[in-house]
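# Observations on the three-dimensional arrangement
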Amino acid sequence: MTKQTMNYAEPWSQFYGPNLGYVMEMYEQYLEDPDSVDPELKQLFKEWGAPTTEAERFDHSESAAKTYQTFRLPENPTIFSKLVAAVKLADKIRHYGHLAADINPLNTQNKDTRRLELSEFDLTEDDLKQIPVAFICPHAPAHVKNGLDAINHLRKIYTDKIAFEFSQVHNLEERNWLISQIESGAYYPSLTNEEKVALLRRLTEVEGFEKFLHRTFVGQKRFSIEGLDSMVPLLDELIRHSIEEEVKAVNIGMAHRGRLNVLAHVLGKPYEMIFAEFQHAESKDFMPSEGSVAITYGWTGDVKYHLGAARRLRNKNEHTMRITLANNPSHLEVVNPVVLGFTRAAQEDRTNAGVPSQDTDSSFAIMIHGDAAFPGQGIVAETLNLSRLQGYQTGGSIHIIANNMIGFTTESHDSRSTKYASDIAKGFEIPIVHVNADDPEACLAAANLAFAYRKRFKKDFVIDLIGYRRFGHNEMDEPMATNPTMYSIIQQHPTVRQLYAQKLIEKGIVTKEAVEEMEREVAERLKIAYEKVPKDESKLDFIMDPPKPVACKLPFVKTSVEKDVLRRLNKELLQFPSDFHVFNKLERILKRREGVFDGKGKIDWAHAEILAFATILRDGVPIRLTGQDSQRGTFAQRHLVLHDMKTGKEFVPLHHISDANASFVVYNSPLTEAAVLGYEYGYNVFAPETLVLWEAQFGDFANMAQVMFDQFISSGRAKWGQKSGLVMLLPHGYEGQGPEHSSGRLERFLQLAAENNWTVANLSTAAQYFHILRRQASILRWEEVRPLVLMTPKSLLRHPLAASDAEEFTNGQFHPVLEQKGLGENREKVERIILSTGKLTIDLAEQINKMEGLDWLHVVRVEELYPFPKEELQAIFARYPNVKEIVWVQEEPQNMGSWCYVEPRLREIAPEGVDVSYIGRRRRASPAEGDPVVHRKEQERIIQCALTKKEQ
C-alpha cells in the first residue's frame, strides 16, 4: 500500500464524545498494563501514542507548523483505516439516520440510506465483527457483542419510528447525554401489558370522541385530531412525569387542530359542555362541582376551538398541580409567548425586594405548533429567541409540532424552504426528535426524552409528531379537490387505534372481542353525555352586557403620597455604595433631584416615574418593566440600572429602598415586539398582582405587535373572561423625526376601545404620569382592572412645562382633563374652547405664555381619552355662556390621532348652536413629514391657527 501522510492526531481525530472518552480510559489502562487492552488498541497506542482531546486538536494558539506536523502511516494501515471507517459510519448513522427513518406514516417520502451503507466506507461485515463494541457504541445494551452488532443496533435505533437530530447541539455534555440515552434505550418505555391496554383504551377514547362528533354534528367545524391521535397519550405522558416530579404548573399553548380532544381528555372538560357548545345550548351547568376544572367566560364569548381551560390534579403525596390550556385566537402561533409569560410568572416569587427568585423546576410550558406555521410564522423564531435570555428564560419549553404534512390545502413543498418543519429550531441548538404518530409507544418515548432533557439541561426540546389529517382543514372542506394523491392514500390508511389494536391482538395481549367492547363502552359514554344536553337555545345570553364592575367607571383611588415618605424615598434613590463609581456626568444629572421636596426645582417625567415605582413597591406591588433599551430609556432619561464606570458592575437603586416588600425588575428586551408584548401579557395574566409594563422603543414599533393588541389585550376579557392590568408605554409626539418615529398610532387604540376594555391616555405632566401609574397599581386585584395604554412623551421628558411641583405629588390626584392655567377666567368673554391632548398641549402652552389678550380663549387638555371624560367636559362647557366654537387641535393628520374618535362625542355634548371643528394636518397617507423644516413650518401653522381669533 502506498505510504500516506496524515494529521498528527490521526486516528484520534475521528473520535469524540463518549468514543473519545472510552479510548482515553483504555489508554490509561494500557499505560498500567499494555496486555490488558484489546490487541488492536494496543497496536494503535504503540504507533500513535496518547489520544488527543478535541480542544488540543483545535488549539489555534500553537503555530501552524507545530499543529500540523505529519507522520507516515505504517506499511499496513488496515487495522487503523477499518477502525476509523467504522467510527465514521457510526457517526454518519447518528447524524443522518433520520433521512432513512420510518417516520412518515403514509410512506410517501423516499428514504436516503446512502450514507449508512457499509460499501460507502469500504467495510464488510467481517471487518466490523473484528472491532470492539465500545469503539462504535459505548452505551450499547448487553445483547450487542461486536462491531457489526453495534452498527446494526445504531441503524435500528436511528432509522426506526423515532429519529433524532442533535448535531446542531454544540455543548459536549448535552450531546454525550443524548447519545447515551438514545443508544442505551434508557428513554424508551417498557410498558406492561396492562399499560399497553390502557394506552389502547386512551386511543379508543380519542378516536371515539372524534367519530361521535363527526356523526352527531354533521358539517360543523371541529378541527379533528384524527391522524395525530397519539398527541393525547404523548401529553398524558408529559403530565404523568410532571405530577410525579411535583411540578406546580404546566401551561399548554396550541392552535385549533385537536384542541377539543385535548380539552376533553387532558384538561378534563366534560363531554356535556363540549356537546352543549355544538348544540348552542347553555354549557355552564355542566361544570364539575368539585372545582377540579376551571373555564372562564367573557360576555361575548368565542368559538369552542379557541377556548382554554384549567385543571387541578393531585398525586398520591397530595401534591396539587395545575394544568392550563391557554385561550387562543386564530393566529396560530401568537399564543406561544403568552404561554411562556404564564410560565415565568408561575416560576417566580415576587414577595421580596430585589429580583424575584425563580424556580424553573416548578413550572414549564408545552407548545403545540402546526407544521406549516412553525416555520411560516415569524413569531415562532421570536419566541425561540427568548428561551435563553435572562429576562425571559423559563428553563426550557417542550415543543410539539402537530405535523399533518399540510397547511389548510398547501402541501409541505409549497409552505417551507427546509426539509423538516422543525428546522428553524436548529439555529437555537435545540434537539429535535421526529416520531411517527402511528406508533404510540414511540410517541411516549419521545415524551420521556423531552422531559428528561428539559429537566437536566433547562433548554427547549422539539418533538416533530408526524402524522396526517384524515379530513379536510375544517371538516367542511373536500380535500380530494386540492390534494388528491395524498388523500387517496389517507382514505386507505388504518387509524392509529386500529394499528395498535391489531398489534396487541397479534401479541395475544388483548382479544378482538375486548377491543370491540372497549369501543362500545366509549360510544355509550359519549351517547349518555349527549343525551344530557338540552336542545334549547333560549338560555343563551343574547344581550351580552359586560359585568357591572367592568361597565362602571373606575372608582376614585387616592394616589397622593405623604411628603415625608417621598422625601425619604427620593433620598434613598440617590444613595450609591461608597465603592460604586457612577458615570460623573450622569451623577450630576441625578443629584439635581435632591432638593425637589425642599422647594428646589421641579420633578420631570423620569423622576416622577421612579418615585411612582418606589411608592408602588412600598405598597407591596411587584413591578416588571421590559422593552428595548428600557433600563436606560430610549431617550437616555430613565437610568433605573446604573453601571460602575470602572468595573461595569450594575446597581439598581429600587432594590435598596426601605420598606419595599415586593420585587422589581427592568429588562432590556430583544429587538422584537410581538413576542415580547405577548410574553408580558401572559406574565400579567398569571401574576395579576404585579404591575407589568411593556415599553416600545418608539410608539410606532407597536405596529409589529398589532395582533397582541387586537386579539388578546383589547378583547381577551370580553371573549374569555381573561383579566389584565398590563401597561403599555408608547412614545408618541411630532418632533420632526419623520413618519416612523412620530406616531404611536393612537387612533388604533381608540378604535378598539369599547366596554371599558382599557384606558387610553395621552398625558402632559409628570404628576399625571405619577398618579396614573399609582392608580393602575391600586386596581390590579379589583374586578374593575383593565389594561392601560399610555402615549408617552419624547421631547416632554425634560420640558420645563411638563415638569411638576412636589405639591402635585403629595396632594394631587389623576385628572382626566386639565385646564390651562391663566385662561378662561373671564367666563363671559370666552368664545373659543380648544381641546387637545399630549405634547401639543405643551406646544400651545409655550406659545400662550408669550401672548397677551387671550381672554376670548380657553384651552382644555384631554388627558384620558378613553373612557371619554364626557361629564367633565360638559361641566366646563357649561361655564362659558358665550362660547361659539369648540376646536379640536392635534398634530396628527386628520384621519389619524384622536379626531375621528372625539368628533362624534364632542358634537353630542357641545352646547346647542356651538360649532365643533378641527385644526391640524389634513388627511394624509403617511403619519408625518419626512423633512424637519417642513415639519416645523406645519407645526407653526397649526399653533398659529389655533391661537388666532376668528374675525367677526
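Summarised in this report is the structure supplied together with it. (Residues numbered from 1 in each chain as written. Predicted model: local features only at pLDDT ≥ 70, side-chain atom pairs only at ≥ 80, totals over all residues. Heavy atoms only, no water.)

### Structural notes on the packing of aromatic side chains
Applied cut-off: Stacked, tilted and edge-to-face are the three classes assigned to paired rings of Phe, Tyr and Trp, where Trp is represented by its six-membered ring and a pair needs centres within 6.5 Å; plane angles under 30 degrees give stacked, over 60 edge-to-face, the rest tilted. Each helix corresponds to a stretch of at least 4 residues labelled H or I by DSSP, and each strand to a stretch of at least 2 residues labelled E; elements are numbered beginning at the N terminus. Residue exposure (1.4 Å probe, protein chains only): buried if accessible area is under 20% of the type maximum, exposed if over 50%, otherwise partly exposed.
Per the counting criterion, the structure on display carries 33 aromatic pairs. With centroids separated by 5.5 Å and ring planes inclined at 80°, the aromatic side chains of W177 and F457 adopt a geometry described as edge-to-face. Separated by 280 residues along the polypeptide, W177 in helix α9 (residues 172-184) and F457 in helix α18 (residues 440-457) bring together distant segments of the chain. Side by side, W177 and F457 carry an identical accessibility label, which is buried. Arranged with centres 6.1 Å apart and planes meeting at 40°, the rings of F217 and F275 form a pair that is tilted.

### Looking at the layout of surface pockets
Stated formally: Buriedness of a pocket was judged along seven lines, with at least five required to meet protein on both sides within 12 Å; pockets are open sets of points on a 1 Å grid over the protein atoms alone, cavities are sets where a 1.4 Å probe fits but cannot get out, and lining residues have an atom within 4 Å of a point. Grid points are joined across faces, edges and corners, and a volume is the space filled by probe spheres set on the points. In this classification, Asp, Glu, Lys and Arg are treated as charged, Ala, Val, Leu, Ile, Met, Phe, Trp, Tyr, Cys and Pro as nonpolar, and every other residue, Gly included, as polar.
Counted as a void, the largest pocket has a volume near 680 Å³. Y297, T300, G301, D302 and L540 are, among the 23 residues lining the largest pocket, the residues nearest its centre. For the lining of the largest pocket, the elements supplying multiple residues, two or more each, are α13 (271-279) and α28 (716-720). Across the lining of the largest pocket, the residue classes tally to 10 nonpolar, 6 polar and 7 charged.

### Describing helix α20 (residues 496-506)
Basically, it comes down to this: Note that the arc is defined by the directions from the helix axis to the C-beta atoms. Residues are treated as being in contact if the distance between any of their heavy atoms lies within 4.5 Å.
All buried positions along α20 are accounted for by V496, R497, Y500, A501 and L504. Looking straight down α20, one finds its buried side chains confined to an arc of 125°; they lie on one side. Elements in contact with the buried residues of α20: α10 (193-216), α18 and α21 (512-531). Remark: G508 follows α20 within two positions and exhibits a positive phi of approximately 75°.

### Considerations on the packing of helix α11 (residues 231-244) against α18
As a reminder, the rule being used: Where helices are involved, their axes are fitted lines through C-alpha atoms of the stretch in contact, as for all axes, and angles between N-to-C directions lie from 0 to 180°. Should the near helix be turned anticlockwise from the far one by less than a right angle, the crossing is left-handed, and should it be turned clockwise, the crossing is right-handed.
Relative orientation of the contacting elements α11 and α18 amounts to 35°, with a least axis distance of 8 Å. Crossing angle aside, the handedness with which α11 passes α18 is right-handed. Between α11 and α18, the residues in contact are P233, L234, E237, L238, R240, H241 and S242 and C443, L444, A447, N448 and F451, respectively. Across the contact of α11 with α18, the residue classes tally to 7 nonpolar, 3 polar and 2 charged.

### Let's talk about the sheet that holds strand β16 (residues 623-627)
As a reminder, the rule being used: Should DSSP find at least two bridges between two strands, the strands are taken to pair.
If you trace the 7 strands from one edge of the open sheet to the other, you get β19-β16-β20-β21-β23-β22-β27, paired in mixed fashion. Looking along the sheet, the strands with just one partner apiece sit at the ends: β19 (664-668) and β27 (864-866). With direction set aside, neighbouring strand axes in the sheet form an average angle of 20°. Judged from the 5 bridges that link them, β16 and β19 form a sheet pairing that is parallel. In the strand pairing of β19, I623 is matched with F664. Packed on one face of the sheet, helix α25 (residues 605-618) meets β16, β19, β20 (691-695) and β21 (727-731) and runs near 145° to β16.

### Some words on the pairing of β16
Extensive coverage of β16 is indicated by the burial of 5 of its 5 residues. Burial along β16 is two-sided: I623, L625 and G627 and R624 and T626, pointing in opposite directions, are all buried. Examined bridge by bridge, β16 and β20 share 5 bridges and lie parallel to one another. The partner of T626 across the bridge, within β20, is W694.

### So, the pattern of salt bridges
Once the charged atoms of two side chains with opposite charge are near each other, the side chains can pair. For the record, the criterion: Salt bridges, as used here, are contacts in which a Lys or Arg side-chain nitrogen is within 4 Å of a carboxyl oxygen on Asp or Glu.
Within the structure shown, the criterion is met by 59 salt bridges. Between E210 and R222 there is a salt bridge, with the nearest N and O atoms lying 2.8 Å from each other. Of this pair, E210 sits in helix α10 while R222 sits in the loop between α10 and α11; the two residues are 12 residues apart in sequence, bridging distant segments of the chain. This pair shows no difference in class: E210 is buried, exactly as R222 is. In this structure, K602 and D805 form a salt bridge, with 4.0 Å as the shortest nitrogen-oxygen distance. Separated by 203 residues along the polypeptide, K602 in the loop between α24 (584-591) and α25 and D805 in the loop between β23 (788-792) and α31 (807-810) bring together distant segments of the chain. Three or more residues are tied together by salt bridges with common partners; here these are R202, E205, D236 and R525.

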